Amino acid sequence: MAPDPLPTVLPGGPDDAWHQRMRLERELHDGPALRLSALALRLGLMSHRCEDPALADGIGEVQDELHAVLEELRNLAGKLYPPLLDEAGLGPALRQVAEHTDAPVAIVDSQERFGTALEGATYFALAECLAALPVGAPAVEVAISREGDELVLAVTGVEPDATGRLQETARSLGGRTDVGAAGSVVTARIPCA
Amino acid sequence: MRVALAEDGALFREGLQMLLEAAGHEIVGSVADGDAIVRLLATEPVDVAILDIRMPPEPDGGLTAAERLRALHPDMGLLFLSHYAESHYLMRILGIGTERVGYRLKEKVGSVDVLSDTLTRIDSGEIVIEPVLAKRLVEKPQGDRKGLIAALSEREVDVLRLMAEGRSNNGIAGQLFVTPKAVEKHIASIFDKLGLQADTAAHHRRVLAVLTYLRAQREDG
């Protein structure tokens, strides 16, 4: 899943943009996605009742096409605001990204929550960094924790250059980044409520 | 089969009802949230309860309802339907139970045959996982092998990895250049070390071993 840098600033400020993205994801889920899934069921019923094998095959093909559309909607929703990020937080959402990376990635998290906007901004920054890992790269660890009133993100085992968006995100949110030598730890500290 | 369903989207709920009826199943009740299905089934159990994961009570009423249903009726099957096939939810489902459970994408149960097959397998005690998710899980083994998996020898981990890829004993033997007899010995030792009792059916233990392996890797990751 390629994270997509949509504009993140709305008239109400950057926080509003993340809430807006989350609302759009829910609308996709509760509206078109559910209607299309219901259509797949209705087609299944038609196919069951239909006695013409050629027509039943045709209905099956339309169902396959619907499955593909739903998969596209899921990808789109993930680029807006991953539902798992909303429901379970940074750790579980990044673990899902790690399932698709080309290198082994371990996510260590304390299961704490940091709010829609901060979770959204840091998720996409980290997801971009993980998605860029080359095939066969050594193991990477992302540790997520809270220290006082800061969200601390420690990324071990990546080239510091690959963490550009994370550093930029940390800066834009009033935080700071410590960059170690190549292959060591990049740590972002971002104020949180 | 006697079934009940809980789904907050009216269109999908009605579609599923029609499909279940066409498949010849008896629908005991059809409700729109997790609390209602627990109330409905408190006095009238079914063979399989079909639950939308993301429904009231928010955020995942299907899972909280399932925990209560499993406590009330341990033998009742649970089929979870979702718009997303995610390992996060699979692990939560396996935390509720590793028998008589299923997790499938909503649009993929859109045929009488698939729906009935899914329900029958759950009712007979199996774990039914959306194929795309099962594939994703076994294709990307990663993380440190700590905890339970650490108790296994290197060769046993090899065997378990090949089991997770869905290979037969003969297939595993071929891959590792050992005899099928040796593979059987390794598998017995894996079951033993993972604490899987001998009174469970062989196929079932195989699924559980693979899931334990995947879960341990996730927890370490």
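Because the structure is a prediction, the values reported are computed rather than measured.

Rules behind the numbers
Residues numbered from 1 in each chain as written. Chains lettered and ligands numbered in written order. Predicted model: local features only at pLDDT ≥ 70, side-chain atom pairs only at ≥ 80, totals over all residues. Heavy atoms only, no water. Axes fitted to C-alpha atoms, helices over the stretch in contact; angles between N-to-C directions. Helix = DSSP H or I, 4+ residues; strand = E, 2+ residues; numbered from the N terminus. Parallel < 35°, antiparallel > 145°, perpendicular 65-115°, else oblique. Left-handed = near helix turned anticlockwise from the far one by under 90°. Contact = heavy atoms within 4.5 Å. Buried < 20%, exposed > 50% of the residue type's maximum accessible area, 1.4 Å probe, protein only. Pairing = 2+ DSSP bridges. Right-handed = clockwise from strand over helix to strand, strands pointing away. UniProt positions renumbered as here; feature names shortened; annotations may be inferred. Nonpolar A, V, L, I, M, F, W, Y, C, P; charged D, E, K, R; others polar. Phe/Tyr/Trp six-rings, centres within 6.5 Å; stacked < 30°, edge-to-face > 60°. Lys NZ or Arg CZ within 6 Å of the ring centre and 35° of its normal. Salt bridge = Lys/Arg side-chain N within 4 Å of Asp/Glu carboxyl O.

1. A word on the packing of helix α4 (residues 90–98) of chain A against helix α5 (residues 116–131) of chain A
Between two packed helices, both the angle of their axes relative to each other and the distance between the axes serve to describe the pair.
Residue and element names in this part refer to chain A.
So, step 1. Orientation of α4 relative to α5, taken along the N-to-C sense of each, is 25 degrees, at an axis distance of 10 Å. Relative to α5, the element α4 lies roughly parallel. In this structure, the crossing between α4 and α5 has a hand that is right-handed. Counting all contacts with α4, which are made through Leu90, Ala93, Leu94 and Val97, the residues of α5 involved are Glu119, Thr122, Tyr123, Leu126, Ala127 and Leu130.

2. Details of the pairing of strand β3 (residues 48–52) of chain B
Residues and elements named next belong to chain B.
So, step 1. With five of its five residues buried, β3 lies for the most part within the structure.
So, step 2. Both faces of β3 are covered, namely the face carrying Val48, Ile50 and Asp52 and the face carrying Ala49 and Leu51.
So, step 3. Pairing geometry for β3 and strand β4 (residues 77–82), over five bridges, is parallel. Bridge assignment links isoleucine 50 to a residue of β4, and that residue is leucine 79.
So, step 4. Crossover connection from β3 via helix α3 (residues 61–72) to parallel β4: handedness right-handed.

3. Description of the UniProt feature "modified residue: 4-aspartylphosphate" (unreviewed entry) in chain B
All names here are of chain B.
So, step 1. According to UniProt, the positions carrying the feature "modified residue: 4-aspartylphosphate" (unreviewed entry) are Asp52.
So, step 2. Within the secondary structure, aspartate 52 sits in strand β3.
So, step 3. A relative accessible area of 2% places aspartate 52 in the buried class.
So, step 4. Discounting residues that sit within four places of it in the chain, aspartate 52 has contacts with Ala6, Glu7, Asp8, Gly62, Leu81 and Lys106.

4. Quick notes on the packing of helix α1 (residues 10–22) of chain B against helix α5 (residues 112–123) of chain B
Residue and element names in this part refer to chain B.
So, step 1. At a minimum axis separation of 10 Å, α1 and α5 run at an interaxial angle of 80 degrees. If you check the angle between α1 and α5, you find them roughly perpendicular. Each of Leu16, Leu19, Leu20 and Ala22 in α1 lies in contact with α5, whose residues at this interface are Val112, Leu115 and Leu119.
So, step 2. For the contact of α1 with α5, a count of residues per class yields seven nonpolar, no polar and no charged.

5. Quick word on the packing of aromatic side chains
Residue and element names in this part refer to chain A.
So, step 1. Counting across every chain of the model gives three aromatic pairs over all chains.
So, step 2. Ring geometry for tryptophan 18 against phenylalanine 124: centres 5.7 Å apart, planes inclined by 20 degrees, an arrangement best described as stacked. Placement of tryptophan 18 in helix α1 (residues 14–49) and of phenylalanine 124 in helix α5 is noted, with a sequence separation of 106 residues between them. Just as tryptophan 18 is buried, phenylalanine 124 falls in that class too.
So, step 3. With relative accessibility at 1%, the residue phenylalanine 124 sits in the buried group.
So, step 4. Connected via pairs of aromatic rings, a cluster forms that spans Trp18, Tyr81, Tyr123 and Phe124.
So, step 5. Looking at arginine 21, its charged tip hangs above the ring of phenylalanine 124, at a distance of 5.1 Å from the centre.

6. Some thoughts on the pattern of salt bridges
So, step 1. Applying the stated criterion across every chain yields a total of 23 salt bridges over all chains.
So, step 2. Between arginine 189 of chain A and glutamate 147 of chain A there is a salt bridge, with its nearest N and O atoms 3.0 Å apart. Note that arginine 189 of chain A is positioned in strand β5 (residues 185–191) and glutamate 147 of chain A in strand β2 (residues 140–147), a separation of 42 residues in sequence.
So, step 3. On the basis of relative accessibility, which here comes to 18%, the residue arginine 189 of chain A falls in the buried class.
So, step 4. Note on glutamate 147 of chain A: relative accessible area 42%, which makes it partly exposed.
So, step 5. As a salt-bridge pair, arginine 121 of chain B and aspartate 117 of chain B come within 3.9 Å of each other at their nearest N and O atoms.

7. Some remarks on unusual backbone geometry
All names here are of chain B.
So, step 1. Across the junction of proline 56 and proline 57, the peptide omega takes the value -10 degrees, indicating a cis bond.
So, step 2. Among the secondary structure elements, proline 57 is positioned in the loop between β3 and α3.
So, step 3. For the bond running from glutamate 58 to proline 59, omega is 0 degrees, close enough to zero to count as cis.
So, step 4. Unlike most non-glycine residues, arginine 100 shows phi in positive territory, near 55 degrees.
So, step 5. With respect to the helices and strands, the residue arginine 100 is situated in the loop between α4 (87–96) and β5 (101–105).
So, step 6. Judged by its relative accessible area of 22%, arginine 100 falls in the partly exposed class.
So, step 7. Phi angles above zero are rare outside glycine, and phenylalanine 177 is one such case at about 55 degrees.

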